[in-house]
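Letter by letter, the chains look like this.
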Amino acid sequence: MKRRPLLASLLALPTLALATGTDESAQARTAAMAWLNQTDAGEHGAAWTSASAIFRNAVTLAQWQQAVQGVRGPLGELRNRKEKSLVLTRTLPGAPDGQYAVIQFDTGFASKAQSVETVTTVRDADGSWRVTGYFIR
């Protein structure tokens, strides 16, 4: 009888590990979507403020506003966005080791029907997931 609870506990370990990864994925996705919603709404200052420390240290608010207006402005309004992939990783080229999620979206805009947005999030020192990179191709 005592073996069953032990066996059940051991079988639950892989599930727990999967749930943790799923939880991290969900948190990273939520952070990315909140940030994208700010960017879509033209709330570039709020998007910059809610981004990671790495992001804010790499680009000033004025630089971010100029860059995002230059890239997103010509694309027009968002038409659709669908998650393509989400990969959790501990390393990224040119970045310190940490907890990252690289999320790609198939996205359509008024003036560019098909594009791929890549949003990279990082778990910041306070444990919150925040955007640390954004790229459209």
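These numbers were taken from a predicted model, which means no experiment stands behind them.

Cut-offs applied
Residues numbered from 1 in each chain as written. Predicted model: local features only at pLDDT ≥ 70, side-chain atom pairs only at ≥ 80, totals over all residues. Heavy atoms only, no water. Helix = DSSP H or I, 4+ residues; strand = E, 2+ residues; numbered from the N terminus. Contact = heavy atoms within 4.5 Å. Areas by Shrake-Rupley, 256 points an atom, 1.4 Å probe, with all protein chains shown as cover. Pairing = 2+ DSSP bridges. Axes fitted to C-alpha atoms, helices over the stretch in contact; angles between N-to-C directions.

I tried to follow the overall build of the protein chain on my own but got confused; where do I start?
Summing up its helical and strand segments, the protein chain has 4 helices and 4 strands in all. Tracing the protein chain from N to C terminus, the helices and strands come up as α-α-α-α-β-β-β-β. Counting contacts in the protein chain only where the partners sit at least 6 residues apart, residues at least 24 apart contribute 47% of the total. Summed over its atoms, the accessible surface of the protein chain is roughly 8,400 Å², and 58% of this surface lies on carbon and sulfur atoms.

Hey, could you run me through the sheet that holds strand β3 (residues 112-123) in this one?
Within a beta sheet, neighbouring strands are joined by backbone hydrogen bonds and run either parallel or antiparallel to one another. Pairing in this open sheet of 4 strands is antiparallel, and the strands run β1-β2-β3-β4 from one edge to the other. The outermost strands of the open sheet, each flanked by one partner alone, are β1 (78-89) and β4 (129-136). With direction set aside, neighbouring strand axes in the sheet form an average angle of 25 degrees. As judged from the 9 bridges shared by strand β2 (residues 100-109) and β3, these two strands associate in the antiparallel manner. Among the inter-strand pairings, I103 is bridged to a residue of β3, identified as V119. The strands touched by helix α4 (residues 61-72) are β1, β2, β3 and β4; relative to β4, the strand with the most contacts, the crossing angle is about 45 degrees.

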